[in-house]
Amino acid sequence: MKASRCITRIIIFLLASFIVTSCVSPKEMTYFQDPEKVNSRIDFNLDDNLKIKPGDLLTIRVSATEQEAAQPFNLTKSVVSSDRLPGSVQLETYMVSNTGTIEFPIIGTIKVDGMTNFQLSDKIKSDISIYVRDAIVNVRILNFKISVLGEVKNPGTFTIEDDHINLAQALGMAGDLTIYGNRKNVLIMREENGEKINEYLDLTDARIVTSQYYNLRQRDVIYVEPKFSKVQSASSLGLASRYLSIASVIISLVILLTK
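Residues numbered from 1 in each chain as written. Predicted model: local features only at pLDDT ≥ 70, side-chain atom pairs only at ≥ 80, totals over all residues. Heavy atoms only, no water.

**Student:** Sorry, what's going on with the pattern of salt bridges here?
**Tutor:** Considering all chains together, one arrives at seven salt bridges under this definition. Its salt-bridge partner being Arg 190, residue Glu 192 comes within 3.9 Å of it at the nearest N-O pair. Between Arg 207 and Asp 205 there is a salt bridge, and its shortest N-O distance comes to 3.1 Å. Taking the relative accessible area as the measure of exposure, Asp 205 reaches 19% and is therefore buried. (Salt bridge = Lys/Arg side-chain N within 4 Å of Asp/Glu carboxyl O. Buried < 20%, exposed > 50% of the residue type's maximum accessible area, 1.4 Å probe, protein only.)

Structure below.
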């Protein structure tokens with residue numbers, strides 16, 4: 001009778017230890033808590049849009065009512081198909097140099113580093129106004145990529161078609177955080193002016209939408225670290241086998257001693 005009582009207590013202890021180490025609080029899983037702390041209206045500042053950096057690849061399309069006047073500013077290239085036949089015609093791309101400049105037809109060297117696509121569009125429109133009346137200039141960054149790593153369902157590097165993406169959208173592209181992702185300590189790794197910046201954001205706090213790091217930049221890396229409970233549970237798996245071994249020894253001793 002005493003032996004069975006001891007065995008029962010050991011089993012209850014092991015089960016209780018496992019339950020305690022695997023508990024997850026619902027509050028830890030909820031995003032953007034207390035949204036009333038954030039102003040109901042957040043104006044999108046175009047000056048805070050994606051800024052052009054050295055190494056970026058740009059396309060610049062100039063349109064106008066008199067398209068012949070705009071044609072010299074639209075450099076094109078012929079794309080050869082896989083069977084070596086002439087394919088479609090595409091706009092040439094502009095690689096931003098290490099000094100932050102591009103070479104634009106007729107205008108020459110333009111300093112673009114630190115400008116948004118809207119600012120560069122306005123500058124080119126102004127510079128070519130003596131050649132093209134009422135021009136429409138569209139600027140796009142082709143190699144806008146971000147990487148999402150860690151405790152997300154689909155980690156990887158993603159190409160962004162738009163010129164704006166925020167942290168929540170990026171995590172959505174990666175399939176959201178796993179249950180083990182630490183929502184209170186998401187790392188944003190960014191490089192600005194040759195300096196590496198690490199910033200931690202709390203997804204459970206609605207006020208992160210006002211952070212300058214909530215809106216992402218090209219080549220940003222997002223890392224979601226595992227929660228302590230996962231690390232603990234991983235180590236607990238190793239400990240569990242030890243506990244079971246110890247428990248089996250204790251049970252054997254109890255049975256032998258109570259015979």
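There is more to say, and it comes next.
**Student:** How should I be thinking about unusual backbone geometry in this particular structure?
**Tutor:** Keep in mind that most residues, glycine aside, have a negative phi and that most peptide bonds are trans. The backbone of Ile 106 shows a phi angle near 65°, a positive value even though the residue is not glycine. Within the secondary structure layout, Ile 106 lies in the loop between strand E5 (101–104) and strand E6 (108–111). Look at Ile 106 and you get exposed, because its relative accessible area is 52%. At Arg 219, a position not held by glycine, the phi torsion is positive, near 70°. Here Arg 219 lies in the loop between strand E11 (195–201) and strand E12 (221–226). (Helix = DSSP H or I, 4+ residues; strand = E, 2+ residues; numbered from the N terminus.)

**Student:** Please clarify how the pairing of strand E9 (residues 156–159) should be interpreted in this entry.
**Tutor:** Within a regular strand, side chains alternate between the sheet's two faces. Bridge count between strand E8 (residues 145–150) and E9: four bridges; the pairing is antiparallel. In the strand pairing of E9, Lys 145 is matched with Thr 159. (Pairing = 2+ DSSP bridges.)

**Student:** Which parts of the structure should I look at to understand the sheet that holds E9?
**Tutor:** Two modes of strand pairing occur in sheets, parallel and antiparallel, and in both the strands are linked by backbone hydrogen bonds. Reading across the sheet, the five strands line up as E9-E8-E12-E10-E11 and stay open at both edges, with mixed pairing between neighbours. The open sheet terminates on both sides in strands that have one partner only, identified here as E9 and E11. This sheet shows a mean twist of 20° between the axes of neighbouring strands, independent of strand direction. In terms of strand pairing, strand E10 (residues 181–192) meets E11 through seven bridges, oriented antiparallel. Across the sheet, the residue bridging to Arg 190 is Ile 197, located in E11. (Axes fitted to C-alpha atoms, helices over the stretch in contact; angles between N-to-C directions.)

**Student:** What's the story with the packing of aromatic side chains in this structure? I'm lost.
**Tutor:** Aromatic ring pairs: the centre-centre distance and the angle between the two ring planes describe each pair. All chains considered together, the criterion is met by three aromatic pairs. Ring centres of Phe 73 and Tyr 131 lie 6.0 Å apart, and the angle between their planes is 50°; this geometry places the pair in the tilted category. Taken together, the residues span a long stretch of sequence, with Phe 73 in the loop between helix H3 (67–70) and strand E2 (76–80) and Tyr 131 in the loop between helix H4 (117–127) and strand E7 (136–141) at a distance of 58 residues. (Phe/Tyr/Trp six-rings, centres within 6.5 Å; stacked < 30°, edge-to-face > 60°.)

**Student:** Just checking my understanding: could you explain the sheet that holds strand E1 (residues 57–63) for this structure?
**Tutor:** Strand order in the open sheet formed by three strands is E4-E1-E7, with antiparallel pairing between adjacent strands. Each of the sheet's edge strands pairs with one partner strand only, and the pair in question is strand E4 (93–95) and E7. Averaged over all pairs of adjacent strands, the angle between strand axes in this sheet comes to 30°, irrespective of strand direction. Alignment of E1 against E4, held across three bridges, turns out to be antiparallel. Within E4, the position partnered with Thr 59 by the bridge is Thr 93.

**Student:** Is there a simple way to think about the environment of Ile 110 in this case?
**Tutor:** Note that Ile 110 resides in strand E6. Overall, Ile 110 belongs to the buried group, its relative accessible area being 1%. It is 9.2 Å that separates the C-alpha atoms of Ile 110 and Lys 123, two residues lying 13 residues apart in sequence. Apart from the residues lying within four places of it in its own chain, the contact partners of Ile 110 are Gly 100, Thr 101, Ile 102, Phe 104, Leu 120, Lys 123 and Ile 124. (Contact = heavy atoms within 4.5 Å.)

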